[in-house]
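Close look at the chain arrangement
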Amino acid sequence: MAKVNATEDIISQDDIDSLLRINEFIEPDDENSLVEELKQAILDSGKLELDQWQTLRDHLREIELLIPHIDLIIKLKKEK
C-alpha cells in the first residue's frame, strides 16, 4: 500500500457530499433539486408548518445576501 504524501490533494467524503448538495441545488432539470422541492412545497403549502416556512425563509435570506458575491464571481470568471 502506497503511503500518501501529506501535501497531496485528497477529496474527503465531506467535500464529495458538499459538491453533491451544490449540484442538487443548481441542476434545473432534476426533480430533486432544491428549486423543484421549493416549488412543490409552495404548491402543497400543507407540507410545511409555519415554523418550517419561517426557517426556510431565514435560509433564503442568507442566500440572498450571497447573491452579490456570486454575481461578482460570475463576472470575474467571464472576464477571465
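An account of the accompanying structure is given in this report. Note that the structure is predicted; figures quoted are calculated from it, not measured.

Further remarks concern the overall build of the chain. Looking only at helices and strands, the chain has three helices and zero strands in total. Along the chain, helices (α) and strands (β) appear in the sequence α-α-α when read from the amino end. Buried positions account for 4% of the 80 residues belonging to the chain. In the structure as shown, the chain presents an accessible area of about 7,600 Å², 58% of it carried by carbon and sulfur atoms.

Right, let's talk about helix α3 (residues 50-79) for a bit. In a regular helix each residue adds 1.5 Å, so 30 residues correspond to 44 Å; α3 covers 43 Å between its end C-alpha atoms and thus fits that length. Residue L66 marks the point of greatest curvature in α3, where the axis turns by about 35°; the proline P68 follows within four residues.

Another aspect to go through is a nonpolar patch on the surface. On the surface, a cluster of nonpolar side chains totalling about 200 Å² of accessible area is made up of L34, I63 and I67. Residue position: I63 is located in helix α3. Its relative accessible area of 31% is what places I63 among the partly exposed residues.

Taken as a whole and judged by the stated rule, the model has three salt bridges. E64 is paired through a salt bridge with R57; the nearest N and O atoms lie 3.2 Å apart. Owing to a relative accessible area of 33%, R57 belongs among the partly exposed residues under this scheme. With its nearest N and O atoms 3.0 Å apart, the salt bridge here joins E79 to K75.

Cut-offs and rules
- Residues numbered from 1 in each chain as written.
- Predicted model: local features only at pLDDT ≥ 70, side-chain atom pairs only at ≥ 80, totals over all residues.
- Heavy atoms only, no water.
- Helix = DSSP H or I, 4+ residues; strand = E, 2+ residues; numbered from the N terminus.
- Buried < 20%, exposed > 50% of the residue type's maximum accessible area, 1.4 Å probe, protein only.
- Areas by Shrake-Rupley, 256 points an atom, 1.4 Å probe, with all protein chains shown as cover.
- Expected span 1.5 Å × (residues − 1).
- Bend = angle between axes of the 7 residues up to and from the residue.
- Patch = residues over 30% accessible without salt bridge, like charges linked within 9 Å, V, L, I, M, F, W, Y side chains within 5 Å.
- Salt bridge = Lys/Arg side-chain N within 4 Å of Asp/Glu carboxyl O.

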